[in-house]
Amino acid sequence: MIDYALPNERGHFGMFGGRYVPETLMQPVLELEIEYEKAKKDPEFQAEVKRLLEEYVGRDTPLFFAENLTKHSGGAKIYLKREDLNHTGAHKINNAIGQALLAVRMGKRKIVAETGAGQHGVATATVCALLKLDCIVFMGEEDVKRQALNVFRMELLGAKVVSVKSGSATLKDAVNEALRYWVANADDTHYLLGSVMGPHPFPMMVRDFQSVIGNETREQILEREGKLPEAVVACIGGGSNSMGMFYPFIGDTDVKLYGVEAAGRGIDTPYHAASLTKGRPGVVHGSLMYLLQNEDGQIQEAHSVSAGLDYPGVGPEHSYLKDAGRVIYDSITDEQALSAFQLLAQLEGIIPALESAHAVAFALEQAAKMKETETLIICLSGRGDKDVDTVRSIIKRGESQ
Amino acid sequence: MNRIQETFKQLKENGQKAFVPYIMAGDGGLGCLADRLLTLEKFGASLIEVGIPFSDPVADGPVIQQAGIRALANSVSLRDVIVELKRTKGNISVPILFMTYLNPILSYGVERFAEDIREAGIDGCIIPDLPVEEEDIIAPLLEKANVELIRLVTLATPPERIEMISQKGNGFLYTVTVKGITGTRKEYQSGIGEFLEEVKRLSAIPVLAGFGVSNEEQARELASFCDGVVVGSRIVELFIKNDLQGIEKLVSSLHKETMI
Ligand SMILES: Cc1ncc(COP(=O)(O)O)c(C=O)c1O
C-alpha cells in the first residue's frame, strides 16, 4: 500500500495540472473548487448523486466473468466491468450526473459542454433534460458530419448543438469554443467538462465522480475472487474511465494498471492519438499535461478510428502516473481495435465501443502472458451501437479491396 | 527604471494617454513585421504588442484567430519572430511587448526564452493563459532577464485580487473591459467607466484598457478613465485591408490635438 493524496491544494499532480486559464476564468474555477469541496462533504448531495446513479443510470453495473474470452486468450481470468450497460451507453453519464447536480447547487441553470464523438454530449443533454437545465454543446464540424446520429440525439433531448469551424474542427477546437463561451457566460453557466482534463478542479472532480467504477469493481472482485486482481486495463482518451477505474487501486501496488491509448495507423506515422507515448509535456485547455505538439509548441491533431480517443492531450493525473511509473501506458492500432471489436461480439455477444475495444485488444495480449490463477479486469467503457456504421463501412471497404 | 516605466513617465509628463496597438507576427508574412512596427511608431503608438501565433488561442475572437491561422500557414514560429526582431532591433524606439500563450514558450524553453527576447529587445510579455497562481513557472526568469511580465485583471476580478495582482508588476496593469474574448464590440456594458476608475484607484501602476476597442470614440472614452488603451482586432483588420489611413486615424486618436 502507498499513500496517494494528489492533487495538492493548487491542483498540481507533481509538475502537471494547475489552472492555466485566462484571468476571467479564475473566479469561476475558484468558486467551483469551493462549491465542489462543500458538496463532497454534504451527505445530502452525495445521497442525491447515488440515488440518480442507481435509479436513473442503472448502477451498480455488473462485473462479468468473460469465460469465452478467457479460454480464447488462454491465460488469466478476464472480467469485464460493464459500463456499457449504463443509461446512454457509456461511463460518461457518471460524471454528467455529478456535475449537473453541482451546477444546480450553485444556482447555475445553464450548461455548456464539448463533445467529440457525441457520447459526452448525449450524456450531458440527457441529464440536462432530466434536471430541466439549458444545454449548449460545442462539437467540431468534422465530428458533426461523422456523428450525425448523436447530433440528432442531443437535439431530441433538447440541447442546442453548435458546429465549430475553427482550427481543425474537431474535439480540441470544440473545447476551445466551449472555454470561450464560458469566459463570456460564467455568471449563469457551468462548464460540464467531459474528461479528467482542463483546469483544477476538473481533473480531480471528474476523477472523483468516475471513481464509482473502481470502487464497485474493487468490492465486486473481492467478493468473487476473494482477492484483488493482478491487472486492470482501461482505454485512454482524455482519461476519465481509466482514472475512475484506477483511482481506487492506486494504493494497491500489487495491482498492475494498464492505460491503453489509440495508436491509430501506427505510432510511427503522424496518424495516432498516443499523447503519453509520443507527446511532450505542455499547456493547453487550462492544464499542464502530455501533449501531441510540434517542435514550436503548436498542438497537433490526433487521429484514431475511435472518435472518443481522438484528443491530442491526456489528463494531468495520467501524465503524473506515467512519470511516477505507477501506471503502464501502451497503445493499440485501429486495426487491432477493429479485430477486438468483432471478437468480443462473436465470443461474448457484447458489441463494445471502439474506444473500449482498444482496452480489450490490449487485455487479450496481456492475459495470455499471465497465469490461469490470476485475474485481469477490463473497463468496458461503452457499448458499440454508435460505431456499428463505421465498422461496417471499414469491413466492406476491406472486402472490396 | 525600465523602458516601459520610462514611457509611462514621459506620457504622464506630457499629459498624454497611451495607445497600444496589437499586431499578429507573421500575418502577411514575417517580412512585413518590421515595416508594420515602424508604421505604428510613426503614427504615434506608445508601445506595441506583438502577437505570437498559437494553434489554440482560447482568449481570442475570430479576427485574431484567423490572423494566427494565416501566420501559422506562413510557417511563422516564436523562434522566427525572435530572430527577426533581433535582426531589426534598433529600428524602432517604442517598447515592444510579446503577447503569447504559454505553450510556445514552454516548447522553446523558458530560460532560453527569457534571455533571447531580452537580447532581441523585447521589453515585456503578456501571457493570457498564465494567471498569477501559476506564474512561478516563468516570472522569476523574466525578472532576472529584466523583461516585464504584464498581468491582466478583468471585470470578473474582485477588488482584493486586483490590488494583489497590481502589486506584482512594474509595467502596467492590463484591464480586460469585456466579459469575453478579444474582438471588436459595438458597445461596452454600462458601468465600464466606474470599473476602470476603481481599478485605477486600486492599482499602484498605470492601467490600460483592452479587448473590444473598435474605434476612435471608444478609445478616447475608455482612455478618459485610465492611462490608455490596447487595440487588437481592429488594427489587425485594418492591416489586412491595408487601410493605413484608418490605422493612422485610430492610433493617433489619443493625441492631444484630437482629444478636444
Ligand atoms: C465509450 C467511451 N470510452 C472512452 C472514451 C474516452 O474518454 P475517457 O478517456 O475520458 O474515458 C469515450 C469518449 O468519448 C467513450 O465514449
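Residues numbered from 1 in each chain as written. Chains lettered and ligands numbered in written order. Predicted model: local features only at pLDDT ≥ 70, side-chain atom pairs only at ≥ 80, totals over all residues. Heavy atoms only, no water.

Draft legend 1. Seen up close, the overall build of chain B. On a plain count of helices and strands, chain B comes out with 12 helices and 8 strands. For 260 residues, the compact-globule estimate of 2.2 N^0.38 gives 18 Å, and chain B sits close to it at 17 Å. Taken along the three principal axes of its C-alpha coordinates, chain B extends 40 × 40 × 35 Å. When the 260 residues of chain B are sorted by exposure, 63% land in the buried category. Of the contacts made within chain B by residues no fewer than 6 positions apart, 74% connect residues no fewer than 24 positions apart. Computing the positive centroid from 27 side-chain charges and the negative centroid from 36, chain B places the two 3 Å apart. (Helix = DSSP H or I, 4+ residues; strand = E, 2+ residues; numbered from the N terminus. Rg over C-alpha atoms; globule rule 2.2 N^0.38 Å. Buried < 20%, exposed > 50% of the residue type's maximum accessible area, 1.4 Å probe, protein only. Contact = heavy atoms within 4.5 Å. Lys, Arg positive; Asp, Glu negative; His and termini not counted. Charge placed at Lys NZ, Arg CZ, Asp CG, Glu CD.)

Draft legend 2. Highlighting the sheet that holds strand β6 (residues 134–140) of chain A. Residues and elements named next belong to chain A. Spatial strand order, β7-β6-β5-β8: 4 strands in an open sheet with parallel pairing. Every other strand in the sheet has two partners, leaving β7 (160–164) and β8 (189–191) as the edge strands with one partner each. Each adjacent strand pair in this sheet contributes to an overall mean axis angle of 25°, direction not counted. When strand β5 (residues 110–115) meets β8, the two strands line up parallel, connected through 3 bridges. Looking at β8, one finds that K110 is bridged to T189. (Pairing = 2+ DSSP bridges. Axes fitted to C-alpha atoms, helices over the stretch in contact; angles between N-to-C directions.)

Draft legend 3. Geometry of the pattern of salt bridges. Residue and element names in this part refer to chain A. This structure, assessed with the given rule, holds 46 salt bridges over all chains. The partner of R51 in a salt bridge is E48, with the nearest N and O atoms 3.1 Å apart. One end of the pair, R51, and the other, E48, are both in helix α2 (residues 43–57), 3 residues apart, so they sit about a helical turn from each other. Under the relative-accessibility criterion, R51 is labelled partly exposed at 35%. With its nearest N and O atoms 2.8 Å apart, the salt bridge here joins D387 to K386. For D387, a relative accessible area of 5% translates into the label buried. Classification of K386 by relative accessible area gives buried; the value is 16%. (Salt bridge = Lys/Arg side-chain N within 4 Å of Asp/Glu carboxyl O.)

Draft legend 4. A look at the nonpolar core. If you look at the biggest cluster of nonpolar residues, it comprises 188 residues, and the most contacted ones within it are V81(B), F98(B) and F113(B). Residues within four places of F98(B) in sequence aside, it is in contact with V50(B), I52(B), L78(B), V81(B), I82(B), L85(B), F113(B), I117(B), I122(B), G124(B), C125(B) and I126(B). Counting residues in each nonpolar core, the second largest holds 38 residues, with A302(A), L338(A), L344(A) and V391(A) among its members. (Core = buried A, V, L, I, M, F, W, Y, C linked by side-chain atoms within 4.5 Å.)

Draft legend 5. Quick peek at the site of the ligand. Residue and element names in this part refer to chain A. Taken together, 18 residues lie around the ligand, and S195, G237, G239, S240 and S381 are the ones closest in. Between an oxygen atom of the ligand and a side-chain N or O atom of H91, the distance comes to 2.9 Å. G239 is positioned such that a nitrogen or oxygen atom in its backbone is 2.7 Å from an oxygen atom of the ligand. Burial of the ligand by the protein chains amounts to 97% of its free accessible area of 390 Å². For the shell around the ligand, a count of residues per class yields 5 nonpolar, 11 polar and 2 charged. (Near = heavy atom within 4 Å. Polar contact = N/O pair within 3.5 Å; in protein donor to acceptor, adjacent residues only side chain to side chain. Areas by Shrake-Rupley, 256 points an atom, 1.4 Å probe, with all protein chains shown as cover. Nonpolar A, V, L, I, M, F, W, Y, C, P; charged D, E, K, R; others polar.)

Draft legend 6. The interface of chain B and chain A, seen in detail. Facing the 36 residues of chain B at the interface are 36 residues of chain A. Across the interface of chain B and chain A, roughly 2,800 Å² is buried in total on both sides, 49% from carbon and sulfur atoms. Contact with chain A buries area across many residues of chain B, yet D56(B), V58(B) and E134(B) alone supply 21% of it, more than any other trio. Along the contact surface separating chain B from chain A lie 4 salt bridges. For the salt bridge of E23(A) with R161(B), the shortest nitrogen-to-oxygen distance reads 2.8 Å. The interface formed by chain B and chain A includes 20 residue pairs in polar contact (both at pLDDT 80 or more). Sorting the residues of the side of chain B that touches chain A by element identifies α3 (62–73), α5 (102–108), β5 (148–154) and α8 (159–168) of chain B as the ones contributing at least two each. (Buried area = accessible area lost by both parts, 1.4 Å probe.)

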